[in-house]
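A closer look at the structure
Here's the letter readout for the chains.
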Amino acid sequence: MNHFLDIHKTDPADLRGIIDQAGAMKAARNGRPRGAADDEQPLAGRMVALIFEKPSTRTRVSFDVGVRQMGGETMVLSGQDMQLGHGETIADTARVLSRYVDLIMIRTFDESVLEEMAEFASVPVINGLTDRTHPCQIMADVMTYEEHRGPIAGRKVTWCGDGNNVCASFLHAAAQFGFDLTFTGPMQLDPEPEFLGLARKAGRNIVIERDAKKAVEGADLVVTDTWVSMHDSQSSKERRHNMLRPYQVNAELMAHARPDALFMHCLPAHREEEATSEVMDGPHSVVFDEAENRLHAQKAIMRWCLGV
Ligand code: CP
Ligand code: NVA
């Protein structure tokens with residue numbers, strides 16, 4: 001049994017195996033309807049709990065559909081509706097759920113909730129986003145990059161904007177998959193030094209460049225995300241927007257990247273804020289492939305967790 005808690009906590013060979021299996025499973029579906037079962041049914045007889053303490057469209061639907069395609073069943077739970085939101089400890093919740101279900105995916109606020117769930121559950125736990133990281137997203141993003149452009153190793157990724165949870169998992173992936181990353185954004189929103197250090201220690205070229213145009217020079221992939229994450233206070237919105245406006249990904253900025261550069265955004269996007277529609281819907285954009293690949297990458301993650 002394996003937990004999937006973060007990219008930097010997962011062996012690089014296992015990460016590569018997950019990406020390869022995701023690609024093979026995607027190909028094997030061969031265009032069949034979304035609701036049709038896979039030929040292989042590795043989750044037959046398995047029950048998966050999907051716990052959400054924050055809103056979600058992609059994570060919720062892609063996990064739910066993925067489990068069903070592999071023959072399993074799901075229950076989608078909101079943290080607020082559970083005793084979790086009313087004082088029962090995470091440890092007790094983990095012990096109880098482990099008596100009913102075979103796998104737990106949780107989207108939560110503080111990383112400590114995920115860690116406590118994993119420590120006390122006797123079934124695998126998957127990180128469906130915390131305030132600090134979003135590993136399932138970046139597994140889908142690596143898969144998407146490689147589908148379009150081949151190996152991501154040795155490439156230059158430029159992250160524009162807020163050094164948030166999605167950026168953190170990109171830094172972890174830089175270390176594990178061997179690509180370089182330039183961060184461009186305001187100093188107040190730099191990625192955590194610990195995560196910058198991890199990627200540098202792994203030998204990657206990790207750069208902070210305040211000038212967005214210089215930062216995207218030579219980039220193979222330009223990535224951004226919302227300027228106000230779910231864990232950020234609404235009262236910080238105006239201040240964050242003012243700081244982040246110079247880092248908007250628009251056609252003029254994309255023109256400084258390599259001609260064949262890809263553009264990614266994990267979605268949901270706030271069009272004309274962190275990225276313009278011209279870029280979101282333009283020739284560099286693979287944002288909907290990323291969304292689709294959440295499904296395939298997470299199916300492979302679940303199989304790896306359960307060893308099936
Ligand atoms: N990208 C992503 O995780 O989207 P949701 O918040 O809709 O799940
Ligand atoms: N950084 C965003 C990602 C949403 C998928 C958030 O945490 O709200």
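A short tour of the structure in this document, coming up. (Residues numbered from 1 in each chain as written. Chains lettered and ligands numbered in written order. Predicted model: local features only at pLDDT ≥ 70, side-chain atom pairs only at ≥ 80, totals over all residues. Heavy atoms only, no water.)

Contacts to ligand 2 come from L129, N164, N165, V166, D225, T226, S229, M230 and L267. With respect to ligand 2, the side chain of S229 contributes an N or O atom lying 2.7 Å from a nitrogen atom. At 2.8 Å, a backbone N or O of M230 approaches an oxygen atom of ligand 2. About the coverage of ligand 2: the protein hides 95% of its 270 Å² of free accessible area. In terms of residue class, the shell around ligand 2 is built from 4 nonpolar, 4 polar and 1 charged. (Near = heavy atom within 4 Å. Polar contact = N/O pair within 3.5 Å; in protein donor to acceptor, adjacent residues only side chain to side chain. Areas by Shrake-Rupley, 256 points an atom, 1.4 Å probe, with all protein chains shown as cover. Nonpolar A, V, L, I, M, F, W, Y, C, P; charged D, E, K, R; others polar.)

With that settled, the discussion passes to the site of ligand 1. Neighbouring residues of ligand 1: S56, T57, R58, T59, R107, H134, Q137, C266, L267 and R294. In the model, an oxygen atom of ligand 1 is placed 3.0 Å from a nitrogen or oxygen of the R294 side chain. In terms of residue class, the shell around ligand 1 is made up of 2 nonpolar, 5 polar and 3 charged.

Attention now moves to the side chain of D38. As for its placement among the helices and strands, D38 is situated in the loop between α1 (12–29) and β1 (47–52). In terms of polar contacts, D38 uses its side chain to reach the side chain of R29, at 2.5 Å. Residue contacts for D38: discarding those within four places in its chain leaves M25, R29, R32, Q69, M70 and K299. (Helix = DSSP H or I, 4+ residues; strand = E, 2+ residues; numbered from the N terminus. Contact = heavy atoms within 4.5 Å.)

Looking now at the environment of T184. Tracing the backbone shows T184 in strand β6 (residues 180–184). A residue is classified by how much of its surface remains accessible, and T184, at 0% relative accessible area, is buried. Between the C-alpha atoms of T184 and I126, which are 58 residues apart in sequence, the distance is 30 Å. In contact with T184, other than residues within four places in its own chain, are T158, W159, C160, G161, E209, R210, D211, A212, A215 and Y247. (Buried < 20%, exposed > 50% of the residue type's maximum accessible area, 1.4 Å probe, protein only.)

This brings us to the packing of helix α6 (residues 165–177) against helix α7 (residues 193–201). At their nearest, the axes of α6 and α7 sit 8 Å apart, and the two run at 15° to each other. Overall, the two elements α6 and α7 adopt an arrangement that is roughly parallel. Where α6 crosses over α7, the handedness of that crossing is left-handed. The segment α6 lies against α7, with A168, L171, H172 and A175 engaging F195, L196, L198 and A199. (Axes fitted to C-alpha atoms, helices over the stretch in contact; angles between N-to-C directions. Parallel < 35°, antiparallel > 145°, perpendicular 65-115°, else oblique. Left-handed = near helix turned anticlockwise from the far one by under 90°.)

Applying the stated criterion across every chain yields a total of 24 salt bridges. Residue D131 pairs with K54 through a salt bridge whose shortest N-O separation is 2.7 Å. Here K54 lies in the loop between β1 and α2 (58–69) and D131 lies in the loop between β4 (125–127) and α5 (135–149), a separation of 77 residues in the sequence. Take D131: its relative accessible area is 25%, and that puts it in the partly exposed class. The exposure class of K54 is buried, given its relative accessible area of 5%. Here the salt bridges share partners, and the residues they tie into one network are E111, R132, E192 and E194. (Salt bridge = Lys/Arg side-chain N within 4 Å of Asp/Glu carboxyl O.)

The subject of this paragraph is unusual backbone geometry. That bond from L267 to P268 is cis: its omega, 5°, falls within 30 degrees of zero. Relative to the elements of secondary structure, P268 occurs in the loop between β9 (262–265) and α11 (277–280). In this model, N30 sits at a positive phi of 50°, which is unusual for a non-glycine residue. Look at L267: it is not a glycine, yet its phi comes out positive at around 65°.

Turning next to the sheet that holds β1. Judged by pairing direction, the sheet is parallel, and its 4 strands sit side by side in the order β2-β1-β3-β4 without closing on themselves. The sheet is open, and its two borders are formed by β2 (73–78) and β4, each paired with just one other strand. Averaged over all adjacent pairs, the angle separating strand axes in this sheet is 20°, with direction ignored. Note that β1 and strand β3 (residues 103–107) share 5 bridges and pair parallel. (Pairing = 2+ DSSP bridges.)

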